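The lines below spell out each chain.
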Amino acid sequence: MNISIMIPTKNRPNFILRQLRYYSKSNFKGIILIGDSSDPKFSKENKNNIIKYGKELTIRHFHKPELTADKTLAFLSSEVQTDYSVNVADDDIILVESILAGINFLDSHIEYSAVHGKAFLMTLENAKCEPFGKLASFLRYPMSIVSEDTALGRIKEFFAQLTNVNMAIVRSKINMNAFNEVEKLSDYYSTYIFGELVHGAIVCSRGKIGQIDNCYLIRQAHDDNFY
């Protein structure tokens, strides 16, 4: 599969384990790039889980404790060798069947820089930062659809609705260019929403953002969404 999944993580090995289990059971044939900002104890857990699933998945692990989440993604984007790439937070899942559908869409629509599908936000009953538990809610989660013909028109459309772009499947050259600009921000401004906005605006400037009619992304809300 001609895609790389980029996963930034910090001190949450149980979430990485959940992702590796899912992508292993779903027979994912792309490349998984893990940018690990964890403390040594948690990074060791990640390495052990990567070894466990390394026979079934192609995984590259980078320990980058000095980097913020957005700058970790900037580094990972420079390591991508596939035509397409997608950012997945360590506590989220992008569905494998939808990844293949997204690639097929971009192969057929050169005017689009990125694509995604239907997204959902779930919570578990205890709302704690845990990957497993009883489901408490499951709601639609908005992602950007951008269809204007000009770059400026698309950027205006993006900021008018201001929903998620950075977890769409993106052409890798565009993704790398966008994250290169994010990397120029200070650590303060690359954290929280600013890095995501810079990335989204650049991706929109390079092409339209499409949506396929597939269940695509499951995000998890909990008491430690930011690190």
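As the structure is a prediction and not an experimental result, all values here were calculated from the model.

> Outline the overall build of the chain, supporting the account with residue identities and numerical values.
Secondary structure assignment for the chain yields 8 helices and 9 strands. Scaling as 2.2 N^0.38, a compact globule of 227 residues should have a C-alpha radius of gyration of about 17 Å, and the chain matches this with 17 Å. In terms of overall dimensions, the chain has a C-alpha envelope of 50 × 35 × 35 Å along the principal axes. The buried share of the chain, reckoned over its 227 residues, is 51%. Counting only contacts in the chain whose residues sit at least 6 apart along the sequence, the fraction spanning at least 24 positions is 79%.

> With reference to specific residues and values, describe the packing of aromatic side chains.
Counted according to the given criterion, the structure contains 6 aromatic pairs. For the pair Y22 and Y23, a centre-to-centre distance of 5.0 Å together with 70° between the ring planes defines the contact as edge-to-face. Centre to centre, the rings of F105 and Y112 are 5.0 Å apart; their planes meet at 75°, and the pair counts as edge-to-face. Grouping aromatic residues by their ring pairs yields a cluster made of Y22, Y23 and F28. Lying over the aromatic face of F75, K64 brings its terminal NZ or CZ to 4.3 Å of the ring centre. A cation over a ring is seen here: R140 above F120, with NZ or CZ 5.4 Å from the ring centre.

> I'd love a proper account of helix α2 (residues 40–53), names of residues and values included.
Three- or four-residue spacings in an α-helix give side chains the same orientation, since the helix completes a turn every 3.6 residues. The terminal C-alpha atoms of α2 lie 20 Å apart, and with 14 residues this matches the ideal 20 Å at 1.5 Å per residue to within 8%. For α2, the full list of buried residues reads S43, N46, N49, I50 and Y53. The arc that holds the buried residues of α2, viewed along the axis, is 120°, so those residues lie on one side. Facing away from the buried side of α2 by more than 90 degrees, the exposed set consists of P40, K41, K44, I51 and K52.

> I'd like to hear about the packing of helix α5 (residues 151–161) against helix α8 (residues 194–206), residue by residue, with values.
Contact geometry for α5 and α8: axes closest at 7 Å, N-to-C directions at 140°. Between α5 and α8, the angle is such that the two are oblique. Here α5 and α8 pass one another in a crossing that is right-handed. Side by side, α5 and α8 meet where A151, R154, I155, F158 and F159 of the first sit next to L197, G200, A201, C204, S205 and R206 of the second.

> Summarise the environment of S37; cite the residues concerned and give the values.
When you line up the elements, S37 lands in the loop between β2 (31–36) and α2. Taking the C-alpha atoms as reference points, S37 and I110, separated by 73 residues in sequence, lie 35 Å from one another. Residue contacts for S37: discarding those within four places in its chain leaves T9, K10, K64, P65, L67 and T72. Side-chain polar atoms of S37 contact the backbone oxygen of K64, separated by 3.1 Å.

> Pulling in residues and values, what's your account of the pattern of salt bridges?
Within the structure shown, the criterion is met by 7 salt bridges. The salt bridge partner of K208 is D149, with a shortest N-O separation of 3.2 Å. Of the two residues, K208 is situated in strand β9 (residues 208–220) and D149 in the loop between β7 (135–141) and α5; the sequence distance between them amounts to 59 residues. With a relative accessible area of 63%, D149 lands in the exposed category. Each of the salt bridges in this network shares a partner with another, and the network as a whole consists of R12, D90 and D91.

Cut-offs applied
Residues numbered from 1 in each chain as written. Predicted model: local features only at pLDDT ≥ 70, side-chain atom pairs only at ≥ 80, totals over all residues. Heavy atoms only, no water. Helix = DSSP H or I, 4+ residues; strand = E, 2+ residues; numbered from the N terminus. Rg over C-alpha atoms; globule rule 2.2 N^0.38 Å. Buried < 20%, exposed > 50% of the residue type's maximum accessible area, 1.4 Å probe, protein only. Contact = heavy atoms within 4.5 Å. Phe/Tyr/Trp six-rings, centres within 6.5 Å; stacked < 30°, edge-to-face > 60°. Lys NZ or Arg CZ within 6 Å of the ring centre and 35° of its normal. Expected span 1.5 Å × (residues − 1). Arc of directions from axis to C-beta. Axes fitted to C-alpha atoms, helices over the stretch in contact; angles between N-to-C directions. Parallel < 35°, antiparallel > 145°, perpendicular 65-115°, else oblique. Left-handed = near helix turned anticlockwise from the far one by under 90°. Polar contact = N/O pair within 3.5 Å; in protein donor to acceptor, adjacent residues only side chain to side chain. Salt bridge = Lys/Arg side-chain N within 4 Å of Asp/Glu carboxyl O.

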